[in-house]
Amino acid sequence: MRQLYITTAIDYVNNLPHLGTAYEKIGADAIARFRRMEGDKVHFQMGNDEHSAGVKKAAEKEGLPSKKYCDGMKEKFTSIWASLGISYDDFIQTSEKRHYTAVTTFIGKMKKEDLYKKRYEGWYCEPCEAFTLEKDLVDGNCATHKSKPRWLSEENYFFKLSAYQDKLLQHYKEHPRFILPEIRRNEVRNFVKAGLQDISISRAGLDWGIPFPGDSSHTVYVWFDALINYLTATGYGSKTVNKKIGRLSLWPAELHLVGKDITRFHCVIWPAMLMSAGLALPKTVFGHGFVFLKGEKMSKTLGNIVTPLDIIPRYGADALRYYLLRESSFGADGDFTWDNFTKRYNGDLANDIGNLLNRTLGMANKYLEGHLVPLKKTKPLPEDTVLKDKITGVLKIVREEVDWQKSGDINFHKALAAIWEVIGATDKYIDSSAPWRLVKEEKTEELKKTLYNVADSLRNIALLIAPFLPKTSREIWSQLGLEKKLKWEKQVFKNIGWGKTPATQVTAGKPIFPRIDISPSLPSVPTNKENKMENQIEFSEFQKLELRIAEVKQAAKVEKADKLLVLQIDIGGDERQIVAGIAQHYTPEELIGKKVVVVTNLKPAVIRGIESNGMLLAATDTATGKVIVLTPEKEAVAGSKVK
């Protein structure tokens, strides 16, 4: 068992988190949960950065003392993180007494020759809360916030960062995994090679912040005090030992997760500060990519924010977690659009994992009254072995993809793709084993084995997705009747394996991912010009179509036609024959007894010599290419009109 200390950057509290902020926390949470499930002891740390001028202004705007404002914002932040299922172990506020103690202690431990006082002049960006060099401005504006900085001149305390240039470069060389991914390491190394300047670490005349030790006319610069939070959380500087974590027992941190825009703070200034104070450096600083909104970085200043609260109440936290983790590697930039979110949701979540669960439990209840039991060992069929190999081999792949030390990145997207291959293989296993055919042929033992194997696959899938989609994994577990048979997040992965599902009574619950109904009223289909549909028709033309519910009585493949099925349907006493191009997606047995939607007033057509009197309605999923026959959400009598 390893002890791991994992941290995220702490957040300014002058506005609430957006998707970019949530991305970092979701990624860190997935890693923390994964490592706990591997059996490691994890301390996952988060918090808020509160000593900024922006926070003070926000508090004044609301007529509140700064501390009271920050305490209120903490409640809002932690509420959002709870709604996303973020499993942090400790949450720090930089306005806490323990942090004041840690900062004062830390500065006292730094080499005296590394600290001095002088006048500083330079461009200062208020939203960044930092000085910026003129060469880093874009058309005279801050590259991040696109606003003009102001010229600032004041006497400050300085840290002799320039003295650590060679030591930093040597550390990067000796510890290539200290900065990840590689593109961030190269950026930082080139920055340091170009030469380092001493930096201001205090501000004069501010009353919101930590007083600089020995000079109360100055406060510690917000970013300097913020970096020390990672030590504060270990109990640094405290006279009493935190029984939960022990004084400095967590240090050095295993992993600092930060946005790529603050790698210079964490990979240059922070390690130099630690060297000056005689403390060990964190093992890895990982600079993750941004989540853009249609190609542009989200920020309050730019006014293009989508927040977790825009998504979670309607679609659930796991849908957002899945989308953000599935789109790209953690080190690369991702992009959020409502259209892509809808495709991922309906394709991967509703159609794939959601449909697999509903399909399995439906057959188990219909054919076996929901009772599944492990069978005595029998000679496995080829399709059994294929599914077993998929399940028993996937954890190794997932481990490698989320191990930043091995891969040099954190490939959540590849890990999830590997798990989704298991979902696809399980779906294919159902089709090839055809439980409906086994029922018809009265092969009861083979039917029991098939449905047990599918349920066992779902049990394994629930374990595999638990770090990424924690609520969904538990819901699957519950519907499989297993809720009291596992202690979550404690070496859970040891339960992955073929045939480990105990006898159980499954229950079919509500769909875990109800499909998103795409309509202009939903944000998933923005009603702007770029989405305007072509070939629009008048409503009166649409009214000419007659759509009714039909029940499929018989179904068979059309000879020498790979894509066609011929269906005998009942439309409320009106029996007809139709031809449908769905043979590559449905077997005849799957369709018998199914309620479908049919266009009933089309002129008859002859297809491959077979007369078709109507048209079956189906959708082609744009994300997967899978054809889905449209069916009524609730039981409807054959012949019912659709409108």
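Cut-off values and rules
- Residues numbered from 1 in each chain as written.
- Predicted model: local features only at pLDDT ≥ 70, side-chain atom pairs only at ≥ 80, totals over all residues.
- Heavy atoms only, no water.
- Helix = DSSP H or I, 4+ residues; strand = E, 2+ residues; numbered from the N terminus.
- Buried < 20%, exposed > 50% of the residue type's maximum accessible area, 1.4 Å probe, protein only.
- Contact = heavy atoms within 4.5 Å.
- Lys, Arg positive; Asp, Glu negative; His and termini not counted.
- Charge placed at Lys NZ, Arg CZ, Asp CG, Glu CD.
- Pairing = 2+ DSSP bridges.
- Core = buried A, V, L, I, M, F, W, Y, C linked by side-chain atoms within 4.5 Å.
- Salt bridge = Lys/Arg side-chain N within 4 Å of Asp/Glu carboxyl O.
- Patch = residues over 30% accessible without salt bridge, like charges linked within 9 Å, V, L, I, M, F, W, Y side chains within 5 Å.
- Areas by Shrake-Rupley, 256 points an atom, 1.4 Å probe, with all protein chains shown as cover.
- Axes fitted to C-alpha atoms, helices over the stretch in contact; angles between N-to-C directions.
- Parallel < 35°, antiparallel > 145°, perpendicular 65-115°, else oblique.

Here we take up the overall build of the chain. A count of helices and strands for the chain gives 20 helices and 29 strands. C-alpha extents for the chain along the principal axes are approximately 90 × 65 × 45 Å. Evaluated residue by residue, the chain yields a buried proportion of 52% over its 643 residues. Within the chain, residue pairs in contact and separated by at least 24 positions form 74% of the contacts whose partners lie at least 6 positions apart. Both charge centroids of the chain, one from 94 positive and one from 80 negative side chains, sit 4 Å from each other.

Turning next to the sheet that holds strand β10 (residues 202–204). Taken in spatial order, the 3 strands make up an open sheet running β10-β12-β11, and their pairing is antiparallel. The two strands at the open ends of the sheet, each matched to only one other strand, are β10 and β11 (211–212). Relative to strand β12 (residues 215–220), β10 runs antiparallel, the two sharing 3 bridges. By the bridge assignment, Ser202 is partnered in β12 with Val220.

Grouped together as the largest cluster of nonpolar side chains are 107 residues, with contacts concentrated most on Phe336, Phe341 and Phe468. Among the elements that line this core, the one with the most residues is helix α12 (residues 338–368), at 12 residues. Setting aside residues no more than four positions away along its own chain, Phe341 makes contact with Ile311, Tyr315, Ala319, Leu320, Tyr323, Phe336 and Ile516. The next biggest cluster of nonpolar side chains, apart from the first, holds 54 residues, and it includes Tyr5, Tyr172, Tyr221 and Leu281.

The omega torsion across Leu180 and Pro181 is -5°, close enough to zero to call that bond cis. Note on placement: Pro181 falls in the loop between β8 (179–180) and α6 (182–193). Omega for the bond connecting Trp251 with Pro252 falls within 30 degrees of zero, at 5°, which places this linkage in the cis form. Of note, the phi angle at Asp139 is positive, near 55°, even though the residue is not glycine. Structurally, Asp139 is set in the loop between β6 (130–132) and β7 (150–159). With a relative accessible area of 76%, Asp139 lands in the exposed category.

On to the pairing of strand β23 (residues 595–599). Most of β23 sits inside the fold, with 5 of its 5 residues counted as buried. Where burial is concerned, the two faces of β23 agree: the one with Lys595, Val597 and Val599 and the one with Val596 and Val598 are both buried. Bridge count between strand β20 (residues 547–557) and β23: 5 bridges; the pairing is antiparallel. Paired with Glu551 across the strands is Lys595, a residue of β23. With 2 bridges connecting them, β23 and strand β26 (residues 615–616) associate as antiparallel partners.

On to helix α18 (residues 470–479). Along α18, the residues classified as buried are Pro470, Thr472, Ser473, Ile476, Trp477 and Gln479. At its buried positions, α18 is contacted by α1 (19–37), α11 (317–326), α12 and α17 (444–465). Downstream of α18 by a residue or two, Gly481 has a phi angle that is positive, lying close to 75°.

Tracing the backbone through its elements, the reader meets Thr94 in the loop between β4 (90–93) and α4 (97–109). The contacts of Thr94, once residues within four sequence positions are left out, are Ile10, Asn48, Asp49, Glu50, His51, His99, Tyr100, Ile210 and Asp225.

Per the counting criterion, the structure on display carries 34 salt bridges. The partner of Arg399 in a salt bridge is Glu38, with the nearest N and O atoms 2.6 Å apart. With a gap of 361 residues between them, Arg399 in helix α13 (residues 382–402) and Glu38 in the loop between α1 and β3 (41–49) connect regions that are remote in the sequence. Under the relative-accessibility criterion, Arg399 is labelled partly exposed at 37%. Given the relative accessible area of 22%, Glu38 is considered partly exposed. One salt-bridge network, held together by shared partners, links Arg359, Asp427, Asp431 and Glu590.

Next up on the list: a nonpolar patch on the surface. A cluster of nonpolar side chains, contributed by Phe542, Leu545, Leu602 and Met615, occupies part of the molecular surface with about 340 Å² of accessible area. By the secondary structure assignment, Leu545 is in the loop between α19 (539–542) and β20.

Turning next to the packing of α13 against helix α15 (residues 412–433). Close contact between α13 and α15 brings their axes to 8 Å; oriented N to C, the two are set at 170°. Taken together, the axes of α13 and α15 are roughly antiparallel relative to one another. For the pair formed by α13 and α15, the contact residues are Glu383, Asp384, Leu387, Lys390, Ile391, Val394, Ile397, Val398, Glu401 and Val402 on the first element and Phe412, Lys414, Ala415, Ala418, Ile419, Glu421, Val422, Ala425, Thr426, Tyr429, Ser432 and Ser433 on the second.

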